[in-house]
Amino acid sequence: MSEATAITVAHGDGIGPEIMEATLTVLKGAGARLEIESIEIGQSVYLRGLTAGIEPSAWESLRRTKVFLKAPVTTPQGGGFKSLNVTIRKTLGLFANVRPCVSYHPFVRTKHPMMDVVVVRENEEDLYAGIEYRQSHQVVEALKIISRPGSERIVRYAFDYARKYGRKKVTCFTKDNIMKLTDGLFHRIFDEVAQSYPDIRNEHWIVDIGAAKLADTPEVFDVIVMPNLYGDILSDVAAQIAGSVGLAGSANIGEECAMFEAIHGSAPRRAGQNLANPSGLLLGAVMMLVHVGQTDVAERVHNAWLRTIEEGIHTYDIYTEGATRQKVGTREFARAVVERLGKKPEKLKAASYAGVSRVATPASTPHTAAPPREKKATVGVDVFLDWREGSAERLAEILRKTSAGGLELAMITNRGVKVWPERLPETFCSDHWRCRFLSSSAEEIDHGQITSLLERVNAAGLEFIKIETLCTFDGQPGYSLGQGE
Ligand code: NAD
């Protein structure tokens, strides 16, 4: 028998302490070999004035054990408090969020009896980089960051997961018909990485129709990998349509550390009444047991849980007349699972983790040979202005006088739509203008030419709020065209 694994446990807020107690009771009953270090997180810590919701000393435990079983916490309303989940994910580099969404028909009500989908969500990049600006009176901006190594890592993780768990297909959702560079990169990397997994089918859907299909016929999907924002939204949709958000567990995986939890929150109105369903956290703990190599215990717990559900022993949230034989509280549910340890479900598919090991976490360096270094050349600049003094034509007139030193005004857009040269009178203009200057000789320019241009723009009395350099990579533009260009 292997040695005990040290893990860090947080009991959380609301229903957190009850469902954690129930989960630990089952783990103990199943013979999990764990050495538990408890830390305090959440409301009590927030209210002591620590806006991140976690004690500095808690990080020591997390960095020592590298495995975190976390109950939900309550994020206090109002300004100043940061989401603890985002802080933990980002600080520990937990780049992959893995969420199995399975239906337990006919024992838990669902419209999708055959659903068995795993959503793998990129956890660190995309619009969640949190880089936002108010640039003018009328316009705010958020930056969507997609990196090649970040995308490679998550896509490879999804394929490795599929292989380890005997899944047949990985689907990618993006919106690369609109975001050709950012989502385009994610999609391209998906296609590249898929080549190394000929044994697993792959496909790509535009996220809108993909989401519609997921909601309508989830049984046609197997593993779905997505950038952060789509993954955040659709993993909740997937869990909900499988039966109940109360039933799904999730893993947040990093190179070094991993965090396991239920997907639901702290349900404060249900707290302290022995009502809450501990299943989400318990299934999160099953993922943890696989992660730490205790697959025998993971299997025993998972199968006892399936048997309990199948025998109609249900908490209030999944109570269904006909399917429920006994409506129980949190503690009684845990006891029922413990009593069934060693048993397997008779109708639902039994869990089997024999031979399954932790999915390797590719390092942040790219797994494939680094792409050949393309030649990067700066060929222009977009200057963004906050301006309220007239039409696009008037602005172009002023800016044309700043064209010099090898940089020429080529286009003005407003909210992405081209408004000069030529615009439709219907196009609405805000106070936020993007003015594109390109190299007049089509040759590479240097940054000195850009700073001189900015001096001329400033001297013309215009307020620039940011610039973006325009580069080509081996002659291919590294920037999007204006809409209507
Ligand atoms: P919630 O998930 O706590 O509750 C939503 C609904 O589902 C409620 O009706 C609740 O009673 C029910 N529910 C949730 N879990 C249940 C369970 N295990 N058993 C039975 N019923 C359950 O979402 P919310 O009400 O929007 O959020 C409450 C608090 O939780 C907020 O402070 C929020 O910030 C926090 N939250 C924390 C996490 C986390 O720590 N991972 C995640 C989401 C929300």
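Residues numbered from 1 in each chain as written. Predicted model: local features only at pLDDT ≥ 70, side-chain atom pairs only at ≥ 80, totals over all residues. Heavy atoms only, no water.

A.B. asks: Where do I start with the domain arrangement of the protein in this structure?
C.D. replies: When the parts come together, some accessible area is lost, and that loss is often what is quoted as the size of the interface. Per the domain assignment, the segments making up the protein are domain 1 (1-94 + 243-356), domain 2 (111-234) and domain 3 (376-477). Domain 1 and domain 3 are separated by 53 Å when their C-alpha centres are compared. (Domains from an automatic or database assignment.)

A.B. asks: Honestly, the sheet that holds strand S18 (residues 432-439) in this entry has me stumped. Any pointers?
C.D. replies: Picture the strands of a sheet paired through backbone hydrogen bonds; they go either parallel or antiparallel. The sheet built from six strands is open, its strands ordered S17-S16-S18-S15-S19-S20 with antiparallel pairing. Of all the strands in the sheet, just strand S17 (417-420) and strand S20 (476-477) have a single pairing partner and so form its edges. For strand S16 (residues 407-414) and S17, the ladder comprises three bridges, and the chain directions are antiparallel. Along S17, the bridge assignment pairs Ile412 with Trp420. The sheet contacts of helix H12 (residues 392-400) involve strand S15 (376-386), S16, S17 and S18, and relative to S16 the element is tilted by about 160°. In the packing of helix H13 (residues 447-459) onto the sheet, contacts are made with S15, S16, S18 and strand S19 (463-473), and the angle to S15 comes to roughly 15°. (Pairing = 2+ DSSP bridges. Helix = DSSP H or I, 4+ residues; strand = E, 2+ residues; numbered from the N terminus. Contact = heavy atoms within 4.5 Å. Axes fitted to C-alpha atoms, helices over the stretch in contact; angles between N-to-C directions.)

A.B. asks: In this structure, what is going on with the pairing of strand S5 (residues 116-122)? I would like to understand it.
C.D. replies: For a regular strand, side-chain orientation follows a simple rule: the groups alternate between the two sheet faces. In terms of burial, S5 is largely enclosed, as six of its seven residues are buried. Across seven bridges, the pairing between strand S4 (residues 96-102) and S5 is antiparallel. Bridge pairing in S5 places Val98 opposite Val120. Where S5 meets strand S10 (residues 223-226), four bridges bridge the pair, whose relative direction is parallel. Pairing of Arg121 across the sheet is with Met226, part of S10. (Buried < 20%, exposed > 50% of the residue type's maximum accessible area, 1.4 Å probe, protein only.)

A.B. asks: Please explain the pattern of salt bridges as it appears in this structure.
C.D. replies: Pairing of side chains with opposite charge becomes possible as their charged atoms draw close. Applying the stated rule across the entire model yields 31 salt bridges. The shortest N-O distance in the salt bridge between Asp199 and Arg163 comes to 2.8 Å. Of this pair, Asp199 sits in the loop between helix H6 (182-194) and strand S9 (201-206) while Arg163 is found in helix H5 (residues 148-164), placing the two residues 36 residues apart along the sequence. In this structure, Glu311 and Arg307 form a salt bridge, with 2.8 Å as the shortest nitrogen-oxygen distance. Arg307 gets classed as buried once you look at its relative accessible area, which sits at 14%. Several salt bridges converge on common partners, so that one network encompasses Arg307, Glu311, Arg325, Glu339, Arg340 and Glu346. (Salt bridge = Lys/Arg side-chain N within 4 Å of Asp/Glu carboxyl O.)

A.B. asks: Whenever I open this one, the site of the ligand confuses me. Can you help?
C.D. replies: Taken together, 18 residues form the shell around the ligand, and within it Gly265, Ser266, Ala267, Asn277 and Tyr316 come nearest. The contact in question runs from a nitrogen atom of the ligand to an N or O atom on the side chain of His264, over 3.1 Å. In the complex, 67% of the free accessible area of the ligand, which totals 810 Å², lies under the protein chains. Taken together, the residues of the shell around the ligand break down into seven nonpolar, seven polar and four charged. (Near = heavy atom within 4 Å. Polar contact = N/O pair within 3.5 Å; in protein donor to acceptor, adjacent residues only side chain to side chain. Areas by Shrake-Rupley, 256 points an atom, 1.4 Å probe, with all protein chains shown as cover. Nonpolar A, V, L, I, M, F, W, Y, C, P; charged D, E, K, R; others polar.)

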